[in-house]
Amino acid sequence: AQKITQTQPGMFVQEKEAVTLDCTYDTSDQSYGLFWYKQPSSGEMIFLIYQGSYDEQNATEGRYSLNFQKARKSANLVISASQLGDSAMYFCAMRDGSGTSYGKLTFGQGTILTVHP
Amino acid sequence: DVKVTQSSRYLVKRTGEKVFLECVQDMDHENMFWYRQDPGLGLRLIYFSYDVKMKEKGDIPEGYSVSREKKERFSLILESASTNQTSMYLCASSGTGIRTEAFFGQGTRLTVV
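Residues numbered from 1 in each chain as written. Chains lettered and ligands numbered in written order. Predicted model: local features only at pLDDT ≥ 70, side-chain atom pairs only at ≥ 80, totals over all residues. Heavy atoms only, no water.

S.K.: What is the right way to look at the interface of chain A and chain B in this model?
M.R.: Reports often express the size of an interface as the amount of accessible area lost when the parts come together. Taken together, the 25 residues of chain A in the interface contact 23 residues of chain B. Summed over both sides, the interface of chain A with chain B buries roughly 1,900 Å², with 52% coming from carbon and sulfur. At the junction of chain A with chain B, the criterion picks out one salt bridge. In this structure, Arg99 of chain B and Asp55 of chain A form a salt bridge, with 2.5 Å as the shortest nitrogen-oxygen distance. Here chain A and chain B share seven residue pairs in polar contact (both at pLDDT 80 or more) between them. For the side of chain A that touches chain B, the secondary-structure elements that each account for two or more residues are β5 (32-39), β6 (46-52), β10 (88-96) and β11 (105-107) of chain A. It is β5 of chain A that contributes the most residues to the side of chain A that touches chain B, five residues altogether. (Contact = heavy atoms within 4.5 Å. Buried area = accessible area lost by both parts, 1.4 Å probe. Salt bridge = Lys/Arg side-chain N within 4 Å of Asp/Glu carboxyl O. Polar contact = N/O pair within 3.5 Å; in protein donor to acceptor, adjacent residues only side chain to side chain. Helix = DSSP H or I, 4+ residues; strand = E, 2+ residues; numbered from the N terminus.)

S.K.: Even after reading the chapter, I still don't get the sheet that holds strand β7 (residues 64-70) of chain B, so can you show me in this structure?
M.R.: In a beta sheet, neighbouring strands are held together by backbone hydrogen bonds and run either parallel or antiparallel to one another. Residues and elements named next belong to chain B. Taking strand neighbours across the sheet as the criterion, the four strands line up as β1-β3-β8-β7 in an open arrangement whose pairing is antiparallel. Unpaired on one side and paired on the other, β1 (4-6) and β7 mark the two borders of the sheet. Adjacent strand axes in the sheet meet at a mean angle of 20°, parallel and antiparallel pairs treated alike. Relative to strand β3 (residues 19-25), β1 runs antiparallel, the two being bridged by three bridges. Bridge pairing in β3 places Gln6 opposite Cys23. (Pairing = 2+ DSSP bridges. Axes fitted to C-alpha atoms, helices over the stretch in contact; angles between N-to-C directions.)

S.K.: Before we go on, may I ask you to explain unusual backbone geometry in this structure?
M.R.: In this structure, Lys16 of chain A is a non-glycine residue whose phi angle is positive, near 80°. Of note, Lys16 of chain A is situated in the loop between β2 (10-14) and β3 (19-21). Residue class for Lys16 of chain A comes out exposed when judged on its relative accessible area of 69%. Residue Asp28 of chain B is not a glycine yet carries a positive backbone phi of 60°. When you line up the elements, Asp28 of chain B lands in the loop between β3 and β4 (31-38). You can call Asp28 of chain B exposed: its relative accessible area is 52%. (Buried < 20%, exposed > 50% of the residue type's maximum accessible area, 1.4 Å probe, protein only.)

S.K.: How should the packing of aromatic side chains be read in this particular structure?
M.R.: Two descriptors summarise a pair of aromatic rings, namely the distance from one centre to the other and the angle between the planes of the rings. All chains considered together, the criterion is met by 14 aromatic pairs over all chains. Seen in terms of ring centroids, Tyr35 of chain B and Phe104 of chain B are 6.1 Å apart; in terms of plane orientation they differ by 35°. Their pairing is tilted. Residue Tyr35 of chain B is found in strand β4, and its partner Phe104 of chain B is found in strand β10 (residues 103-104); the two are separated by 69 residues along the sequence. Taking the relative accessible area as the measure of exposure, Phe104 of chain B reaches 12% and is therefore buried. Cluster of aromatic residues (ring-pair linked, three or more members): Phe35, Tyr37, Phe47, Tyr50, Phe91 and Phe107 of chain A together with Phe33, Tyr35, Phe48, Tyr50 and Phe104 of chain B. (Phe/Tyr/Trp six-rings, centres within 6.5 Å; stacked < 30°, edge-to-face > 60°.)

Right under this line is the structure:
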């Protein structure tokens, strides 16, 4: 069974600095996808970035980048130049790419990020 | 604009009641999901469906059932609501393909009294 672990319940960062949110995963599949979502206090879920298990390069989307270390089974989110609007809950998620659970999307516990001015 | 719509934003039900949470998507997605979100526990998958009338248990299916009679609609059913099912419920849908992101509804805050 696949599992996602986010070990940081809360993180604090100063505005304009970079921050790394940790995510480790466990799966026996060779093919899988990793996602990060942002949930502001309004409650909506916003997709940020995707990394495929066979992607050779780390994914980047604007100020978001994914530090993907396959051997360590980690997919940490890096937010550069933090802004006050980045304060939110962040979730890491994994999708099965094979087997009977194809398509299943599993989330971690989440990390609350607070950006200080 | 893509949309996943949950029938209620807030719901208060009594213990023992049968509760239906409805979710509709307009993106012709094959996959649909029901999660519950609790502080410190993140999003936990209750059930997901990969096709009409097809479903698979998630991590916490006990006390819940689901129905998917039409592609666009996925219902979560609490057969006999209990206070420990008080939570935020999130519905999501996605296409097939490992890269496809999931789109979420606005959530239903269910309180069982």
